[in-house]
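Each chain, letter by letter, is given below.
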Amino acid sequence: MNDPAELNIVRGEPTLRFERRLAHPPEKVWRAITDPKELAAWFPAAVDYAEPRPGVPMRFTFPGEAVADGTWAGEVLEVDRPTVFMFRWSHDVLRFELVPDGTGCRLIFTQTIGGGGIGRLGAARTAVGWEGCLAELAAALDGTGSGTEGGFLPRVERYLAEFDLDSGILAESGDEREIRFARDLVWKPADEVWSVLVEDAAAAVGERPPVRAFNEHIPAGTVTAVEPPWVLEYSWLHDGAPVGRVRWTIVVDPEFGTRVELTQTLPRQLTALAPEFLAAWQVHLDLFFAAVHGEVRCGWPAERVAALTERYASAVP
């Protein structure tokens, strides 16, 4: 049983859920999920703790080449051998439950994601990451080779859509309205993301913004602010005159990874344009996300923009 990950709200917090059928008895799987030496075969960080007992502190150390470089703290929260093992991992809570199933067992694994909305942004890549780790767990138990699953980009894009992590909102902003998007970029370095955004060109105040920073639905004016590799802002035009600003902000958070935040200010009298703009930016960020991860896609998907415009039109007040 390798069902896709689910993202649910449990007691007000986003929670990822996975279920796997393992052809091994609970006691064997219990050792694999609690013994630091066996955890090394599949868990994404080295785990160090004295014993599986509630209140015992834990330490998670990532390898030097890992994108989440460093050491995170946690603690054991619940132990019921060989059924339940739960612990805090930085801002998150991980819970493993083993249910006997014939000669094997079912593993029900959940991760309660901390960090509020910022933490939730990373749910898609976290789901893909745990799919790989659980495949490695099954391979280690079976005594076979690597169980790593390939194809990161299409899988994370599927979860971005399924978990509704790719859509934007229209918010109030003083006398204006503001289109807002935030998109997780995993742990990419800011310089690398900036290079993709400006395509190695030198963005400058007063000049036209780099091609990858705008699209045909929102006519671009000139750059109004630039702070490499963090901020690119430019005016956008309506009937040939500047009426608002588009701002790209790259954020690198040592605990939650890298993200891009995109905002566009919108005069209230132009609110009717919001569904088209939201649709265009969602598609734009889809293409940007793919480019950041090494896949440059040619052609503008006009049909998808049209379909998303209809969807946003039914939701935007």
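Note that the structure is predicted; figures quoted are calculated from it, not measured. (Residues numbered from 1 in each chain as written. Predicted model: local features only at pLDDT ≥ 70, side-chain atom pairs only at ≥ 80, totals over all residues. Heavy atoms only, no water.)

Some remarks on the layout of surface pockets
Taken as a whole, the second largest pocket spans an internal volume of roughly 290 Å³. Tallied by class, residues from the lining of the second largest pocket come to seven nonpolar, three polar and three charged. (1 Å grid on protein atoms, 1.4 Å probe; cavity = no way out; pocket = protein on both sides within 12 Å on 5 of 7 lines; lining within 4 Å. Points joined across faces, edges and corners; volume = space filled by probe spheres on them. Nonpolar A, V, L, I, M, F, W, Y, C, P; charged D, E, K, R; others polar.)

A word on unusual backbone geometry
Excluding glycine, most residues fall at negative phi; most peptide bonds, likewise, are trans. A cis amide bond links Arg 81 with the next residue in sequence, Pro 82, at an omega value of -5 degrees. The topology assignment puts Pro 82 in the loop between β5 (71-80) and β6 (84-89). In this model, Pro 228 is joined to Pro 229 through a cis peptide bond whose omega is -5 degrees. Looking at the element boundaries, Pro 229 is found in the loop between β11 (220-227) and β12 (231-238). Of note, the phi angle at Ser 90 is positive, near 55 degrees, even though the residue is not glycine. On the secondary structure map, Ser 90 appears in the loop between β6 and β7 (92-101). Given the relative accessible area of 15%, Ser 90 is considered buried. Residues other than glycine seldom take positive phi values, yet Asp 239 does so here, at roughly 55 degrees. (Helix = DSSP H or I, 4+ residues; strand = E, 2+ residues; numbered from the N terminus. Buried < 20%, exposed > 50% of the residue type's maximum accessible area, 1.4 Å probe, protein only.)

What to know about the pairing of strand β13 (residues 241-253)
With eight bridges connecting them, β12 and β13 associate as antiparallel partners. Bridged to Tyr 234 within β13 is Val 246. Where β12 folds back onto β13 in an antiparallel hairpin, the turn is made up of two residues, including Asp 239, whose phi is positive at roughly 55 degrees. Hairpin connection between β13 and strand β14 (residues 257-267): a loop of three residues separates the two successive antiparallel strands. (Pairing = 2+ DSSP bridges.)

Comments concerning the sheet that holds strand β9 (residues 169-173)
Reading across from one edge, β9-β10-β14-β13-β12-β11 is the order of the six strands in this open sheet, with antiparallel pairing throughout. The open sheet has two edge strands with one neighbour each: β9 and β11. Going across the sheet, the axis of each strand differs from the next one's by a mean of 25 degrees, ignoring polarity. (Axes fitted to C-alpha atoms, helices over the stretch in contact; angles between N-to-C directions.)

Section: the packing of helix α6 (residues 190-198) against helix α7 (residues 274-292)
In the contact formed by α6 and α7, the axes pass within 10 Å of each other and the chain directions differ by 125 degrees. The orientation of α6 with respect to α7, classified from their angle, is oblique. Classified by chirality, the crossing of α7 by α6 is right-handed. Only Phe 288, Ala 291 and Val 292 of α7 make contact with α6, whose side of the interface consists of Glu 192, Val 193, Val 196 and Leu 197. Class assignment for the residues of the contact of α6 with α7 results in six nonpolar, no polar and one charged. (Parallel < 35°, antiparallel > 145°, perpendicular 65-115°, else oblique. Left-handed = near helix turned anticlockwise from the far one by under 90°. Contact = heavy atoms within 4.5 Å.)

Overview of the sheet that holds strand β8 (residues 104-112)
Judged by pairing direction, the sheet is antiparallel, and its eight strands sit side by side in the order β1-β2-β8-β7-β6-β5-β4-β3 without closing on themselves. Two strands bound the open sheet, and with one partner strand each, they are β1 (6-10) and β3 (46-48). Each neighbouring strand pair of the sheet contributes to a mean axis angle of 25 degrees, computed without reference to strand direction. Sheet topology places β3 next to strand β4 (residues 57-61); three bridges connect them, and they run antiparallel. Its bridge partner lying in β4, Val 47 is registered against Phe 60. The strands that helix α1 (residues 26-34) touches are β2 (13-22), β5, β6, β7 and β8; relative to β7, the one it contacts most, it runs at about 165 degrees. Helix-sheet contacts for helix α4 (residues 123-142) involve β1, β2, β6, β7 and β8, and the interaxial angle to β2 is about 25 degrees.

Side note on the nonpolar core
Counting 90 residues, the largest nonpolar core has Phe 43 and Trp 248 as its most contacted members. In terms of residue count, α7 provides more of this core than any other element does, 13 residues in total. Setting aside chain neighbours within four positions, we find Phe 43 in contact with Phe 60, Phe 87, Trp 89, Leu 94 and Trp 130. (Core = buried A, V, L, I, M, F, W, Y, C linked by side-chain atoms within 4.5 Å.)

Quick look at empty space enclosed by the protein
Under the criterion given, the structure shown has one cavity of 30 Å³ or more. Computed from the structure, the largest cavity encloses a volume of approximately 40 Å³. Along its surface, the largest cavity is lined by Ile 118, Leu 121, Gly 122, Asp 184, Phe 256, Gly 257, Thr 258 and Arg 259. Of all elements in the fold, only α3 (116-121) and β14 reach the threshold of two or more residues within the lining of the largest cavity. Of all the elements, β14 adds the most residues to the lining of the largest cavity, at three residues.

A few points about the packing of aromatic side chains
Counted by the stated rule, this structure contains 23 aromatic pairs. Relative to Phe 87, the ring of Phe 60 lies with its centre 5.7 Å away and its plane at 25 degrees, an arrangement referred to as stacked. Of this pair, Phe 60 sits in strand β4 while Phe 87 sits in strand β6, and the two are 27 residues apart along the sequence. Their ring planes at 55 degrees and their centres at 5.8 Å tell us that Phe 60 and Trp 89 sit as a pair that is tilted. Here Phe 60, found in strand β4, pairs with Trp 89, found in strand β6; they are 29 residues apart in sequence, far enough to count as distant. The ring of Tyr 159 is capped by Arg 158, whose NZ or CZ atom sits 4.5 Å from the centre of that ring. (Phe/Tyr/Trp six-rings, centres within 6.5 Å; stacked < 30°, edge-to-face > 60°. Lys NZ or Arg CZ within 6 Å of the ring centre and 35° of its normal.)

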